[in-house]
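An overview of the molecular structure
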Amino acid sequence: MLLTLVFFFNFLREILQETMSADEEHHRESWTMFGNEVEKVELDVIRNQQMLRTRVDKMDLRRKVFRLSQRSPDFPVPLRAHMVWEGMTVKLSCTVQGCPPPKVTCVERQVGIGPHQTSAPTSPKSPICLISSYLIHTFPLKSECLSSLLALELQPEAQFDSTFSPTWAKEGTSFTLQCTFTNPLLPFQQDVSWFRDGVQLHQSSSTDITTCDNKATITIGTAHKEYEGFYTAKLRTRDGVQEHKSFVYIKDASAAALGGPASPLAVQVSDVNRDYIFLTWQPPSADGASPGQDEWVRCNVHIQKACHFPVFGLKDRTLYRFRVRAVNQAGAGRPSKATEDVLTGDPLEHTRTTVIQVGRGKTIIITKDELEVPLPPTDVHACEVSDSYVVLRWTEPEPRGREPLTFYVEQSLAGQTSWGLASMDVVVSSPRFPVFGLVKEKQYCFRVRSVNKYGVSDPSEPSAPVSLAKPQAVPAPPPSVMAVRDTDTSVLLQWEEPTDKNGILGYYLYYSEAGKQDWKTVNNKPVVKTRFTVHGLKTRREYVFRVKSVSRAGNSRYSDESRPIMVKSAINVPSAPSAISLLLCSGSEMVLGWRAPSCHGGSPVQGYYLDQREKGTETWREVNVKPAKKRQFKVSNLICGHFYHFRVFAANLAGVGKPSDASEAFLCEKWTMPQPGCPYDLEFREVRNGSLVLLWAAPLYEGRGPVIGYLLEISQGDESESWTPLNKKPISDTHYKVTGLQAGETYRLRVSAVNECGVGRASLPSEAVTVRTRPGQSARRIGVDDDGFIFLGYEASEMNSESEFLWSRNYSDPIDAKRTKTETKNNRSVLTFRDPSVEDLGLYTVEMSDNPHLSSSYDFTAEVIALKSGWEVEVSEKGSVRLWLQTESLSDAAELRLICNDHEISSTPHRKINFDKAKGLVEILFDQLSREDKGSYTAQLRDGRAKNQFTLLLVDQSESYSCRLHYGSQSSISSSDKVANKTRSGCSENKSERKIDQETRSKPGSSMKSVWIEILNPTERDKGKYTLEMFDGKETHKRSLELSEEDIIRSLKLHDRPSVRLIIFCFSQSLCLTCFIDGEPAPEIFWLRNDREILDQTQFTITKEPKRSSITVNKVHMEDSGKYSIFVRNQHGSETVDVTVSVYRHGEKPPLYELKSKKMK
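Analysis parameters
Position numbers for residues count from 1 along each chain, tracking the sequence in the order it is written. In keeping with the model being predicted, local features are shown solely for residues with a pLDDT of at least 70 and side-chain atom pairs are shown and tallied solely at 80 or more, while totals for entire chains, interfaces and linings include all residues. The basis for the side-chain values is all heavy atoms of the structure; hydrogens and waters are excluded. Salt bridges are defined as contacts in which a side-chain nitrogen from Lys or Arg sits within 4 Å of a carboxyl oxygen from Asp or Glu. Put simply, DSSP marks the helices as runs of H or I at least four residues long and the strands as runs of E at least two long, and each gets a number from the N terminus on. Each residue gets one of three labels from its accessible area relative to the maximum for its type: buried under 20%, exposed over 50%, partly exposed in between, using a 1.4 Å probe on protein chains only. Only the six-membered ring of Trp is used, alongside the rings of Phe and Tyr, when aromatic pairs are assigned; centres must lie within 6.5 Å, and planes under 30 degrees apart are stacked while those over 60 apart are edge-to-face, with the rest tilted. By definition, being over a ring means that NZ of Lys or CZ of Arg is both within 6 Å of the ring centre and within 35 degrees of the ring normal. Throughout, nonpolar core names a set of buried Ala, Val, Leu, Ile, Met, Phe, Trp, Tyr and Cys residues whose side chains join them through atoms within 4.5 Å. Any pair of residues with heavy atoms lying within 4.5 Å of one another is described as a contacting pair. Paired strands, as defined in this entry, are two strands with at least two bridges between them according to DSSP. To get an axis, a line is fitted to the C-alpha atoms, and for a helix only the part in contact is used. The angle between two axes follows their N-to-C directions and goes from 0 to 180 degrees. The score called pLDDT rates the predictor's confidence residue by residue, from a low of 0 to a high of 100.

Moving on, we come to the pattern of salt bridges. All told, the structure shown has 22 salt bridges when counted by the stated rule. E589 serves as the salt-bridge partner of K634, at 3.9 Å between the closest nitrogen and oxygen. Remark: E589 occurs in the loop between β40 (578-585) and β41 (590-595) and K634 occurs in strand β44 (residues 632-635); sequence separation between them is 45 residues. A relative accessible area of 47% places K634 in the partly exposed class. Across the pair E721 and R748 runs a salt bridge whose closest N-O atoms are separated by 3.6 Å. A residue pair is termed long-range when its members are at least 10 positions apart, and E721 in the loop between β50 (709-716) and β51 (724-725) and R748 in strand β53 (residues 746-755) qualify at 27 residues.

Rendered as structure tokens:
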């Protein structure tokens, strides 16, 4: 039994062990399988994550690539023009690129051929196919399509050509801004955008925007000060957007009442409720007014000083507009621009109702207000506090009741329990209420009750104590106002913000010419920034500026004035030179020339710097350390056979400018060519409508022979290479006037030198020049001054303190200072010829030193008609008389005027006048002379600019000898003998049996009936016996005259020329010179010392009385010695009297010869 039990237990233990082993193995296998599955799942998850990440990265990369690759459509291979026969098959192909893929449309006569025409037409006629990467369009070819094939080509896009400058308009008027473009606008450029201060403008009743082929305009119908600001025009191009902007100034309208204020601006409405709105505005900058309209209703009884005001008592659901007037002691100004329409109403109504659409256009409105008696309002507080009113605000009860709701407003002094009605008889419909009439420095509490037709609610909780605020202080003026040079007509004004800048809305600017205190307003809309460019100033004038701060409380006082500044361009570095050319090469040296910068930066160019590098290298090497003063330079130490590039820098007081473009590669090799080198330094002068003058310098290399002339060529356009000769034969001058050009067109010119071996290399083309007369360009003027001297005058429209007038002959030769005199005053220069003669004839030029474009010239020629034969007299046997003279040959345009005794005459039956222009013959034929024919005959001739006149004197016939006085421009005595019907073959005059030669003071003359000798300024030495001998071919006739001292004195007394008598008075401490003057009319009087007019009124005292003048030398010193003169003149002549004054120290004896001289005087 025991063994059986043992065996059973052993068997049971084995079974249990096997079972446990099997379970462990199964369990182990299960865990192993689970682990393997988990690992597989994990691997799958990792793989999926990698795939997702890769996909995400690819998508992100694709988006980035797509975004970076986006570009406007372009034609790498554009369409080209075709000329075909009608009926031919034509294929037009092009390559289009762009991202996203563009839509291609063929255009025929501006009519798009859309995608619906992509299928081949059924017409039997041959088609035109437009092939691209995206669409194929086909359409039949017609003869009228041939003229529009060019529309398929890629046209040049438009760019800004001429733009608008700063503009001024008056308030209430209209103004227009305009831009023109270089080419017609392409389809994608048609929408030219306009902006004001960054806000885009659109077509409206007050704004008219027009865009046509090559022009865009914007017109503002009625200008308000709110419209002042920067206006910008934006043009879309293939590379982006081009823009141009400029400032538009709106000036105040004219005042209706003297001293009245201008209109406020920027009137805005806020916090709109059923019967309440809040207004704000900006104060005006200056005075100016006009009357308002009667239909406007005044909102406030008392004048409001601050620029804000609550308007109460409006009607619910009513449209209103508001405007504001400024008021000063002179009255009310013109109204501001009206606000837009404002509709009053409950702003919270939409929160209390729900609208449900039930179909067929029917709606159900559900409201929250179901109570009959309203609840009291909540949150009563002051939302706006000023020094004259308090605006209360509260929250309506919720629910507010079914019926319309109004409010009672009650007030009480803080700390008291008695409440009074603040709204009185006013119906308050909105949760806003302005309270006026409060006592300053006292605190008030407010509460509100809700009211409808069912009753009045309990009062709300009282507000916190409220008192009137202190009057808002105007802001402080901005400090540190400083003006900086900008352009010739503008100044950049800068200033700093005030220390307390809270509430500042902007700034008003004012300017005045220095020293005048005539202040004018710059802007009528506050400037927000602290810098502004003031335009419209006058060049070379000094200005001062000041600024005001602007806030709701009003404008500040004026700031301190800026320092005076002269308006002229700011100094900048010059622009880059251009057109580098090789003028001469010797094998190791090169002489280079270049064109001056187009802009000198406001300061003259002081010099030039050069860099060089060999061809194929990238490193530039400095050539000169010291600046080159001229526009040519010799570069040394070069290697023969090498190629070199050069570039040039220009420098002025502001610094060194940008380098020029690198020149072409010049070969360093000695020149041996027979033809001359190229001229250089091409410049323009006197550019006018239709003409210009070109200057150039002679080539440095002449070749195998001297230069004998120059040939010029011209090309129309900026880049055209079509050159047209200007002169067939070489010209020897280095200047040439080109005429017959089209005004407004652009031209380029070039010059070639010529020698015996042929024509040399042409110069580099000149810079492009537009043939147009510059505004303000004045021409030279020629005339004769009061002293009879010929002068040339020129007035410059632009100049500064460094500008000089440069006069020359033939554009290069200097003016002879001995023969001319140059005077400059302000912006006018005068060149006066001291003694003009044939030597002075030629071309005279003048230009400004800092602006050669301001230039002019004058060809000074002998503009006098040459005389072949003077007046001659012929008397026939029958008694008829012929007067005639002959000049050089005249043109058909020549004019003749015959004047007898100050009256113009013409042919009559008694007197016949002939004028042969081809022969230059003038004759007057008399049948018989009569007493009416006596007098002077003057022939005035004019042929173009040349003119001259010739005079003959006819007197009564008489055999008597007479002595008469001849009145001329100088004192003179003239004796004449009247001869009747005698032919004179010889004439001589004798004084004291001594023959009189023609001298400077004697001048013989004759007429038909008289001969005479004129003695100028007669003296005592001229008295004596005068004999006249006349020979008529058969016998000699003599006449004599005794000229006495009394005759000389009588001639001087009878003459109306000024006469002078000098008396000297000498005192111990002063010297007085007194002159007695006679003459009719009364002569002008001038005192001179050492031939210079006396102007000093401290050392000298000059008195002028009728027929008397004195000069007193106060406190005579040694330095007062010298020659003193009095010069008198009237229309009949002039006279000068000199006296020498010598001053010696006390006790010093004068030299003997001076004592003798004084005794003689």
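On to the packing of aromatic side chains. Scanning all chains against the criterion turns up 22 aromatic pairs. Relative to Y710, the ring of W696 has its centre 5.5 Å away and its plane inclined at 70°; by these criteria the two rings are edge-to-face. You can see W696 sitting in strand β49 (residues 691-697) and its partner Y710 sitting in strand β50, a full 14 residues away along the chain. Across the pair, Y710 and W696 agree in class, each one buried. Grouping aromatic residues by their ring pairs yields a cluster made of W168, F230, F247, Y249 and F532. Lying over the aromatic face of F195, K234 brings its terminal NZ or CZ to 4.4 Å of the ring centre.

With that settled, consider the nonpolar core. Residues F175, L177, F181, W194 and Y231 are the most contacted members of the largest nonpolar core, which totals 22 residues. In contact with F175, not counting residues within four places along its chain, are A169, I218, T219, I220, A223, Y231, V248 and I250. Formed by 21 residues, the second largest nonpolar core is a distinct cluster that contains F247, Y249, Y511 and F545.

Now for the sheet that holds strand β14 (residues 229-237). A sheet is described by the order of its strands in space; here five strands give the open sequence β8-β15-β14-β10-β11, paired in mixed fashion. Looking at strand neighbours, the two that pair on one side only are β8 (167-170) and β11 (199-201), the edges of this open sheet. Taking the axes of each pair of neighbouring strands and ignoring which way they run, one obtains an average angle of 35° across the sheet. Bridge analysis of β8 against strand β15 (residues 240-251) gives four bridges, and the strand direction is parallel. Each residue of the ladder has a partner; that of A169, found in β15, is I250.

Take the environment of V267 next. Position of V267 among the secondary structure elements: in strand β16 (residues 265-270). A C-alpha to C-alpha distance of 9.5 Å links V267 and E226, two positions 41 residues apart in sequence. Excluding residues that lie within four positions of it along the chain, V267 makes contacts with E226, L279, T280, W281, F322, V324, S336, K337 and T339.

Across the protein, the average pLDDT comes to 75, with 73% of residues at or above 70. Residue range residues 109-153 is modelled with pLDDT below 50. Its contacts to residues more than four positions away, or to other chains, number 93 contacts. A low-confidence stretch, residues 1052-1068 (pLDDT under 50), is modelled with 56 contacts involving residues beyond four sequence positions or located in other chains.

Here we take up the pairing of strand β37 (residues 542-551). The buried fraction of β37 amounts to nine of the 10 residues, a majority that puts the element mostly inside the structure. As paired elements, strand β34 (residues 504-513) and β37 share nine bridges and run antiparallel to each other. By the bridge assignment for β37, L509 is matched with V547. Sheet topology places β37 next to strand β39 (residues 565-566); two bridges connect them, and they run antiparallel. Pairing of E542 across the sheet is with M566, part of β39. Inspection of the sheet shows β37 paired to strand β38 (residues 554-555) by two bridges, in the antiparallel sense. Bridge pairing links S551 to G554 in β38. If you look at the hairpin formed by β37 and β38, you'll find two residues sitting between the two strands.

All right, on to the environment of V1113 then. Examined against the element boundaries, V1113 turns out to sit in strand β84 (residues 1108-1114). Taking the C-alpha atoms as reference, V1113 lies 9.0 Å from I1102; in sequence the two are 11 residues apart.

Quick look at the sheet that holds strand β30 (residues 444-452) now. The antiparallel open sheet is built from four strands, whose spatial order is β28-β27-β30-β31. Two strands in the sheet have a free side with no partner beyond their single neighbour: β28 (420-421) and β31 (455-456). In this sheet, β31 lies alongside β30 in antiparallel orientation, the contact comprising two bridges. When the bridges of β31 are listed, N452 appears paired with G455.

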